[in-house]
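# Secondary and tertiary structure notes
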Amino acid sequence: MKRKVVNKTISNQSHALITKSELNLGEAYIIDVNISRTPNYKYHFVVGHGIDDLGNLYVYFDDVINASVGIMVHYVRI
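Below: a short report on this structure.

Parameters at a glance
- Residues numbered from 1 in each chain as written.
- Predicted model: local features only at pLDDT ≥ 70, side-chain atom pairs only at ≥ 80, totals over all residues.
- Heavy atoms only, no water.
- Helix = DSSP H or I, 4+ residues; strand = E, 2+ residues; numbered from the N terminus.
- Buried < 20%, exposed > 50% of the residue type's maximum accessible area, 1.4 Å probe, protein only.
- Contact = heavy atoms within 4.5 Å.
- Areas by Shrake-Rupley, 256 points an atom, 1.4 Å probe, with all protein chains shown as cover.
- Lys, Arg positive; Asp, Glu negative; His and termini not counted.
- Charge placed at Lys NZ, Arg CZ, Asp CG, Glu CD.
- Patch = residues over 30% accessible without salt bridge, like charges linked within 9 Å, V, L, I, M, F, W, Y side chains within 5 Å.
- Salt bridge = Lys/Arg side-chain N within 4 Å of Asp/Glu carboxyl O.

## Observations concerning the overall build of the protein chain
A tally of regular secondary structure across the protein chain gives one helix and four strands. Of the regular secondary structure in the protein chain, the N- to C-terminal order runs β-α-β-β-β. Overall size of the protein chain, expressed as C-alpha extent along the three principal axes, is 35 × 25 × 20 Å. For the protein chain, the residues scored as buried account for 35% of the 78 residues in total. Partitioning the contacts of the protein chain with sequence separation of at least 6, the portion at a separation of at least 24 is 69%. Of the roughly 4900 Å² of accessible surface on the protein chain, 47% is carried by carbon and sulfur atoms. Averaging the coordinates of the 8 positive side-chain charges in the protein chain and doing the same for the 7 negative ones gives two points 9 Å apart.

And the structure:
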């Protein structure tokens, strides 16, 4: 298993979009997506994720976040 961290600035949203080019994983199976729980953005966490037909990754949080967040994507190459 490998991990890639994508830094995103999230402004008053409960989700983030990571484009296929930002992910740059090639053929991979995403096992898990999470963020560090920190007081900088009130200890929020990831409640779900999904990939659209274009290969973009959507990450959903438990509430609205206003901060720069390192989104950790755990994956394996296929």
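## Describing the environment of Val47
Its location among the elements puts Val47 in strand 3 (residues 46-51). Judged by relative accessible area, which is 52%, Val47 ranks as exposed. Sequence-wise, Val47 and Asn34 are 13 residues apart; in three dimensions their C-alpha atoms are separated by 8.5 Å. Among all residues touching Val47, those that are not within four sequence positions of it are Tyr60, Phe61 and Asp62.

## What about a nonpolar patch on the surface?
Judged by side-chain polarity, Met1, Tyr29, Ile31 and Ile78 come together as a nonpolar surface patch covering roughly 510 Å² of accessible area. Checked against the element boundaries, Ile31 lands in strand 2 (residues 28-35).

## A few points about the environment of Ile10
Considering the arrangement of structural elements, one finds Ile10 in strand 1 (residues 2-18). Residues Ile10 and Ser21, spaced 11 residues apart in sequence, show a C-alpha to C-alpha distance of 18 Å.

## Considering unusual backbone geometry
Positive phi, normally seen in glycine, also occurs at Asn24, with a value near 50°. Of note in the backbone geometry, Tyr43 takes a positive phi value of approximately 60° without being a glycine. By the element assignment, Tyr43 lies in the loop between strand 2 and strand 3. Since its relative accessible area comes to 44%, Tyr43 is described here as partly exposed.

## Topic: the pattern of salt bridges
Under the criterion given, the structure shown has one salt bridge. Note that Glu22 is salt-bridged to Lys8, the shortest N-O span being 3.0 Å. In this pair, Glu22 sits in helix 1 (residues 20-23) while Lys8 sits in strand 1, placing the two residues 14 residues apart along the sequence.

Geometric values such as these leave the question of function open.
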